[in-house]
Amino acid sequence: MELISCIKNFPRHCKTAIQNIWRNGVMSVSSIFAVLITLLLIAVIGIVAINIQDMTYGIEESLSIYVKLDQDVSDEEALEIQPEIEAIDGVKTVEFSSKDDELNKLIEAQDEDGAELFEMYRDDNPLGAAFNVEVEDATLIDEVVEQIEVIEHVNQATAGGESTSSLVTTLETIRNGGAVFVLALTVLALFMIANTTKMTIAARETEISIMRMVGASNWYIRLPYMLEGIFIGIIGSIIPIIAIYFGYQYIYESANTLLPNMLALREPFPFIWQCSGILVALGSGVGLVGSFVSIRRFLKF
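This section reports on the structure supplied with the text. (Residues numbered from 1 in each chain as written. Predicted model: local features only at pLDDT ≥ 70, side-chain atom pairs only at ≥ 80, totals over all residues. Heavy atoms only, no water.)

**Side note on the nonpolar core**
Soluble globular proteins tend to pack their nonpolar side chains together in the buried interior. This is how the line gets drawn: Within this scheme, the nonpolar core is defined by two criteria: the residues are buried Ala, Val, Leu, Ile, Met, Phe, Trp, Tyr or Cys, and they are joined through side-chain atoms within 4.5 Å. Buried, partly exposed and exposed residues are distinguished by accessible area as a fraction of the type maximum, computed with a 1.4 Å probe on protein chains only: under 20%, between the cut-offs, and over 50%, respectively. Helix numbers and strand numbers start at the N terminus; a helix is a DSSP run of H or I with at least 4 residues, a strand a run of E with at least 2. Residue contacts are counted whenever heavy atoms from the two residues lie within 4.5 Å of one another.
Ile65, Val67, Leu69, Ile85, Phe131, Val133 and Ile148 are the most contacted members of the largest nonpolar core, which has 24 residues in total. Sorting elements by how many residues they give to this core places helix α7 (residues 141–149) first, with 4 residues. Residue contacts for Ile148: discarding those within four places in its chain leaves Ile65, Val67, Ile85, Ile88, Val133, Val154 and Ala157. In this structure, Ile21, Val35, Ile244 and Tyr252 belong to the second largest nonpolar core, which totals 20 residues.

Next up, the structure:
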């Protein structure tokens with residue numbers, strides 16, 4: 001019965017919530033400002049962390065294993081080895097490079113005199129065929145190298161040695177550390193918003209007591225304050241959304257002209273809309289929960 005009454009009076013509760021925000025101007029502005037600052041902080045740190053995460057994955061995807069075969073292995077024999085490499089757990093793709101391809105790469109890397117010198121070996125190519133191997137998970141790269149090296153006719157399999165392993169470990173640490181930092185910041189920010197909401201409601205203890213004395217039900221008292229918390233959260237999220245909408249587009253256009261593809265920022269859309277939705281949900285959600293929890297101390301259950 002009480003729930004039905006709340007639904008019927010919902011427009012009135014919305015109006016009351018808006019009037020409360022306007023009537024308690026100083027406390028409302030304080031709450032909105034707290035929401036604004038904390039959500040803006042979450043947005044900035046979150047966007048940075050997400051893009052750093054994308055960059056680390058981009059760097060890992062660029063890591064590959066160069067497999068050099070014995071010089072006396074023909075291209076036809078080399079192609080028979082490819083399925084063995086592809087069958088190894090963790091291997092994503094295997095790209096074949098023939099003897100002529102390897103010689104062409106060597107010639108292209110030389111100056112004019114060097115190119116002429118190596119061109120002399122075209123008919124008697126001393127190089128062996130090779131494979132370029134990409135792995136599904138960069139943390140498996142050393143394990144895949146070890147399995148490739150035991151394949152017959154494989155002369156050498158390299159992936160950068162210890163420097164690559166160190167890089168993969170560092171990138172993983174950056175990702176994990178960034179995720180923990182963002183989570184901790186979010187919890188702290190939400191606590192600040194909820195605490196400000198509690199202070200706002202506590203300042204109106206007399207108003208709540210009067211409503212109880214005239215016989216208003218718990219939900220009738222509670223609902224306007226919960227809606228007020230939601231509205232404050234939504235209002236507080238507007239400026240952070242505007243800031244990331246224009247700011248991120250500007251940074252994206254400026255940075256992507258300077259950064260290589262593997263370090264490119266995430267495209268603005270739908271990323272900005274996703275971030276905006278999260279900010280609105282965080283602001284309104286914490287306002288709702290903060291109001292609900294704060295007003296419990298004044299009501300009997």
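Next comes the rest of the description.
**Some points on the environment of Asp70**
As for its position among the elements, Asp70 is in the loop between β1 (65–69) and α4 (75–86). Not counting residues up to four positions away in its chain, the partners in contact with Asp70 are Gly128, His153, Val154 and Asn155.

**With respect to the packing of helix α2 (residues 10–23) against helix α10 (residues 218–255)**
How we decide: Structural elements are reduced to axes, namely lines fitted to C-alpha atoms, with helices fitted over the stretch in contact, and the angle between N-to-C directions of any two is expressed from 0 to 180 degrees. Oblique is the label for any angle not covered by the other classes, which are roughly parallel (under 35 degrees), roughly antiparallel (over 145) and roughly perpendicular (65 to 115). Less than a right angle of anticlockwise turn of the near helix away from the far helix marks a crossing as left-handed, whereas a clockwise turn marks it as right-handed. Residues were grouped as follows: Ala, Val, Leu, Ile, Met, Phe, Trp, Tyr, Cys and Pro as nonpolar; Asp, Glu, Lys and Arg as charged; and all remaining residues, including Gly, as polar.
Running from amino to carboxyl end, α2 crosses α10 at an angle of 60°, the nearest separation of the two axes being 8 Å. The angle between α2 and α10 falls in the class oblique. α10 is crossed by α2, and the crossing has right-handed handedness. Contact residues: α2 offers Phe10, Arg12, His13, Cys14, Thr16, Ala17, Ile18, Asn20 and Ile21, while α10 offers Tyr220, Leu223, Pro224, Leu227, Glu228, Phe231 and Ile232. Class assignment for the residues of the contact of α2 with α10 results in 11 nonpolar, 3 polar and 2 charged.

**Details of a negative patch on the surface**
Let me state the cut-off plainly: Residues enter patches when their relative accessible area tops 30% and they take part in no salt bridge; the joining distance is 9 Å for like charges and 5 Å for the nonpolar side chains Val, Leu, Ile, Met, Phe, Trp and Tyr. Only the protein chains shown count as cover for residues, and the accessible areas themselves come from Shrake-Rupley with a 1.4 Å probe. Note on definitions: salt bridges are taken to be side-chain nitrogens of Lys or Arg within 4 Å of carboxyl oxygens of Asp or Glu. A residue counts as positive if it is Lys or Arg and as negative if it is Asp or Glu; His and the chain ends are not included. Every charge is mapped onto a representative atom, which is NZ of Lys, CZ of Arg, CG of Asp or CD of Glu.
Taken together, Asp89, Glu136, Asp137, Asp142, Glu143, Glu146, Glu149 and Glu172 make up a surface patch of like negative charges. Per-element tally for the negative patch: the top contributor is α7, with 4 residues. Here Glu146 shows up in helix α7.

**Digging into α4**
Residues spaced three or four apart along an α-helix point in a common direction, a consequence of the helix completing one turn every 3.6 residues. This is how it is decided: The length a helix should cover is 1.5 Å for every residue beyond the first.
The end-to-end C-alpha separation of α4 is 17 Å, in line with the 16 Å expected for 12 residues at 1.5 Å each. Buried residues belonging to α4 abut β1, β2 (91–97), β3 (130–135) and α7.

**Let's talk about the environment of Leu140**
Of note, Leu140 is situated in the loop between β3 and α7. The partly exposed category is assigned to Leu140, whose relative accessible area is 27%. Separated by 51 residues in the primary sequence, Leu140 and Asp89 place their C-alpha atoms 9.1 Å from one another.

**Examining unusual backbone geometry**
Following Phe269, the chain continues to Pro270 via a peptide bond in cis, the omega torsion being 10°. Structurally, Pro270 can be placed in helix α11 (residues 268–295). Positive phi values are uncommon outside glycine, yet His153 reaches one of about 75°. The exposure class of His153 is partly exposed, given its relative accessible area of 37%.

**Focus: the pattern of salt bridges**
According to the stated counting rule, one finds 1 salt bridge in the structure shown. For the salt bridge of Glu102 with Lys105, the shortest nitrogen-to-oxygen distance reads 3.4 Å. Linking Glu102 with Lys105, this pair stays in helix α5 (residues 99–108), spanning 3 residues, or about one helical turn. Overall, Glu102 belongs to the buried group, its relative accessible area being 9%.

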